[in-house]
Amino acid sequence: MTSTLPNPIVAPDFLLETDAARELYHDYAAGMPIIDYHCHLSPAQIATNHQFANLTDIWLRGDHYKWRAMRANGIPESGITGEADDREKHRNWAATVPYTLRNPLYHWSHLELDRYFGIDELLSPDNADAVYDQCSNRLHEPGLRVRGLLEGMDVRTVCTTDDPTDSLEHHRALREEGYGIRVYPGFRPDRALFIDRPDYNDYVDRLAEVTGRDISSYTDLLEALTQRIDYFHALDGRVADHGLNQLYDVDYTEGELTELFARRRGGENVSPHEARVFQTAVLVELGKAYHARGWVQQFHLGALRNNSSRILRAVGSDAGVDSTGDFPQARGMRRLFDTLDRTDQLAKTVVYNLNPADNEVMATMVGNFNDGSMAGKMQFGSGWWFLDQLDGMEAQINVLSNMGLISRFVGMLTDSRSFLSFPRHEYFRRLVCNIFGNDIKRGLVPDDRRFIGKMIQDISYTNAHNYFNFPK
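Treat the numbers as computed from the prediction; the structure is a model and nothing was measured.

K.L.:
Just to check I follow, could you spell out the overall build of the chain for this structure?
P.N.:
Scanning the chain from N- to C-terminus turns up 20 helices and 10 strands. For 472 residues, the compact-globule formula gives about 23 Å, and the C-alpha radius of gyration of the chain, at 23 Å, lands near that figure. Taken along its principal axes, the extent of the C-alpha atoms in the chain is 70 × 55 × 45 Å. Residues counted as buried form 57% of the 472 residues belonging to the chain.

Below is the structure:
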């Protein structure tokens, strides 16, 4: 395909403003493989080498980033998540893309079209059908089934996000097959923490079923969760993740927790304060279990979710109506990390924030708990969600550089549900190289491209490879 306008986003030197940046990217960063240590990809689709039906099926279905942009552009819900056919939904997205200028979706979309399908045109209503047909046809090629998409991006490791009650049957199948890309389960116990949710007892009943044990006491719950941690560990799981508004600074006793859990299992409601106490206590016990097994614990903090009850009713959760929250963060982090650190039971930890006002809070708090046992044990994680764009990632990188050691950073992850999201690693690497390139030009760092190039390779891949220490 050709375009009447050049597409600067797919050009070799996109985002690279200096000679040093261009050398750092092309000679050091571009060829590094990918470790995606937190995402929401489907292990079933990897195990079955799923074939997507068309471009909408892989590109728009489930992508709440794009849904949100289309709503802002005046597209009715019927043409986004509703009854419109897949071609029409793609046309609606193509009509929206020109209006996403300066939004990261504009960059990501064009990188994805070029890197996976070789389409270097700027997407618009004029070429929407041609792009749809070309990409949909190519998705039926063997090399563009799910595994081909991963292999084409040189993805070496993927960590999915899995509930403690999941069977992990697809992880087991991939392990037994000996599939070359390592696909590891990620333990996400949020539903076991949220004791105030209406469906909490139903969830605990499900946990009891999969563990084959009665869960009538707080101790029973902790034992059941530990049993599932061991189940994940046996299938090479080495990471846990928690999607929470915030961590809490609250006191509690064992007796309070025993009584609280018994009341909830008996059908009584709990107060907001009791819910905070329960979450805090369970996270402490989970943290001890993670540390004992050499796991990495991750905390995604600060999202205010499902703000539109109308869209929640119509579409469900993860529908593009979440936002940045303004929750207090420092004292709760200190409480959890210090409680575990006092007894030398603080696992390797990555913290991600969604409110840019908390960048310095997060970076300085994790720095309090490095213990000399390894380089970079406590990590201020990459810009996440609404901060997963040039300004947000650059701000995170600058704060990390000023408050900690950028050289020990474990780098980028997609946190995505889409198999077309891996150019985000390229996007991140280009940005990092540009930051260092500009520093060289300004005389802020020495023009030692071999040393800085090696550092950028570490940030792109090697640090994560060493930090997570996944089974071979």
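K.L.:
Sorry, what's going on with the nonpolar core here?
P.N.:
The tendency in soluble globular proteins is for nonpolar side chains to be buried as a group. Counting 155 residues, the largest nonpolar core has Trp93, Phe117, Leu150, Phe261, Phe278, Phe337 and Phe468 as its most contacted members. The leading source of residues in this core is helix H14 (residues 272-292), at 10 residues. Leave out the neighbours within four places in its chain, and Phe117 touches Leu55, Glu112, Gln134, Cys135, Arg138, Leu139, Leu144 and Leu420.

K.L.:
Looking at this model, I keep getting lost on the side chain of Arg424. Mind explaining?
P.N.:
As for its position among the elements, Arg424 is in helix H19 (residues 423-441). Not counting residues up to four positions away in its chain, the partners in contact with Arg424 are Tyr65, Trp108, Asp388, Met412, Thr414 and Ser416.

K.L.:
It is not clear to me how the environment of Val155 should be interpreted in this structure. Could you clarify?
P.N.:
Among the structural elements, Val155 can be located in strand E2 (residues 155-159). Measuring from C-alpha to C-alpha, the distance between Val155 and Ile35 comes to 6.3 Å, with 120 residues separating the pair along the chain. Setting aside residues up to four positions removed in sequence, Val155 forms contacts with Ile34, Leu150, Ile181 and Phe422.

K.L.:
Help me out: how do you make sense of H14 in this one?
P.N.:
Think of an α-helix as 3.6 residues a turn; residues three or four steps apart then line up on the same face. In a regular helix each residue adds 1.5 Å, so 21 residues correspond to 30 Å; H14 covers 31 Å between its end C-alpha atoms and thus fits that length. With its phi angle positive at about 75 degrees, Gly294 sits one or two positions after the end of H14.

K.L.:
Looking at this structure, how should I read the pairing of strand E5 (residues 239-244)?
P.N.:
Strand residues, when the strand is regular, have side chains that alternate between the two faces of the sheet. Among the 6 residues that make up E5, 6 are buried, leaving the element largely enclosed by the rest of the structure. Of the two faces of E5, the one holding Val239, Asp241 and Gly243 and the one holding Ala240, His242 and Leu244 are both buried throughout. Inspection of the sheet shows strand E4 (residues 186-187) paired to E5 by 2 bridges, in the parallel sense. From the neighbouring strand, Phe187 faces E5, where its bridge partner is Ala240. Where E5 lies against strand E6 (residues 296-301), 6 bridges are found, and the strand directions are parallel. Bridging from a neighbouring strand, His242 pairs with Phe299 of E6.

K.L.:
What exactly am I supposed to notice about the packing of aromatic side chains here?
P.N.:
Considering all chains together, one arrives at 21 aromatic pairs under this definition. Ring centres of Tyr184 and Phe470 lie 4.7 Å apart, and the angle between their planes is 15 degrees; on these two criteria the pair is classed as stacked. Of this pair, Tyr184 sits in strand E3 (residues 182-184) while Phe470 sits in the segment after helix H20 (449-468), placing them 286 residues apart in sequence. In this pair, the class of Tyr184 matches that of Phe470, namely buried. Taken together through their ring pairs, the aromatic side chains of Tyr37, Tyr184, Tyr467, Phe468 and Phe470 make up a single cluster. If you follow Arg424 out to its NZ or CZ, it ends over the ring of Tyr65, 5.3 Å from the centre. A cation over an aromatic ring shows up here: Arg424 above the ring of Trp108, its NZ or CZ 4.0 Å from the ring centre.

K.L.:
Looking at this structure, I do not really get unusual backbone geometry. What am I missing?
P.N.:
Most peptide bonds are trans, and most residues other than glycine sit at a negative phi. Its identity is not glycine, yet Asn49 carries a phi of approximately 50 degrees, on the positive side. Non-glycine residue Asn306 carries a positive phi angle of around 55 degrees. Among the structural elements, Asn306 can be located in the loop between strand E7 (303-304) and helix H15 (309-315). Since its relative accessible area comes to 29%, Asn306 is described here as partly exposed.

K.L.:
Just to check I follow, could you spell out the pattern of salt bridges for this structure?
P.N.:
A side chain with one charge may pair with a side chain of the opposite charge, provided their charged atoms come close. Using the criterion set out here, one finds 37 salt bridges in the structure. With its nearest N and O atoms 2.6 Å apart, the salt bridge here joins Asp241 to Arg188. Placement of the pair is Asp241 in strand E5 and Arg188 in the loop between E4 and helix H10 (190-193), with a sequence separation of 53 residues. Accessibility assignment for this pair places Asp241 and Arg188 in one class, buried. Between Asp338 and Arg342 there is a salt bridge whose closest N-O contact spans 2.9 Å.

K.L.:
Can you help me understand the sheet that holds strand E1 (residues 34-36) in this one?
P.N.:
Adjacent strands of a sheet form backbone hydrogen bonds with each other and so pair up, either parallel or antiparallel. Here we have 3 strands laid out as an open sheet, ordered E1-E2-E3, and parallel in their pairing. Two strands in the sheet have a free side with no partner beyond their single neighbour: E1 and E3. Strand-to-strand twist in this sheet, taken as the mean axis angle between neighbours without regard to direction, amounts to 10 degrees. For E2 and E3, the ladder comprises 3 bridges, and the chain directions are parallel. Across the sheet, the residue bridging to Thr157 is Arg182, located in E3.

K.L.:
Looking at this structure, how should I read the environment of Leu207?
P.N.:
Note on placement: Leu207 falls in helix H11 (residues 200-211). Residues Leu207 and Asp166, 41 residues apart in the sequence, show an inter-C-alpha distance of 9.4 Å. Dropping the residues within four chain positions of it, Leu207 is found in contact with Thr165, Ile215, Leu221, Ala224, Leu225 and Arg228.

Rules of the game
- Residues numbered from 1 in each chain as written.
- Predicted model: local features only at pLDDT ≥ 70, side-chain atom pairs only at ≥ 80, totals over all residues.
- Heavy atoms only, no water.
- Helix = DSSP H or I, 4+ residues; strand = E, 2+ residues; numbered from the N terminus.
- Rg over C-alpha atoms; globule rule 2.2 N^0.38 Å.
- Buried < 20%, exposed > 50% of the residue type's maximum accessible area, 1.4 Å probe, protein only.
- Core = buried A, V, L, I, M, F, W, Y, C linked by side-chain atoms within 4.5 Å.
- Contact = heavy atoms within 4.5 Å.
- Expected span 1.5 Å × (residues − 1).
- Pairing = 2+ DSSP bridges.
- Phe/Tyr/Trp six-rings, centres within 6.5 Å; stacked < 30°, edge-to-face > 60°.
- Lys NZ or Arg CZ within 6 Å of the ring centre and 35° of its normal.
- Salt bridge = Lys/Arg side-chain N within 4 Å of Asp/Glu carboxyl O.
- Axes fitted to C-alpha atoms, helices over the stretch in contact; angles between N-to-C directions.

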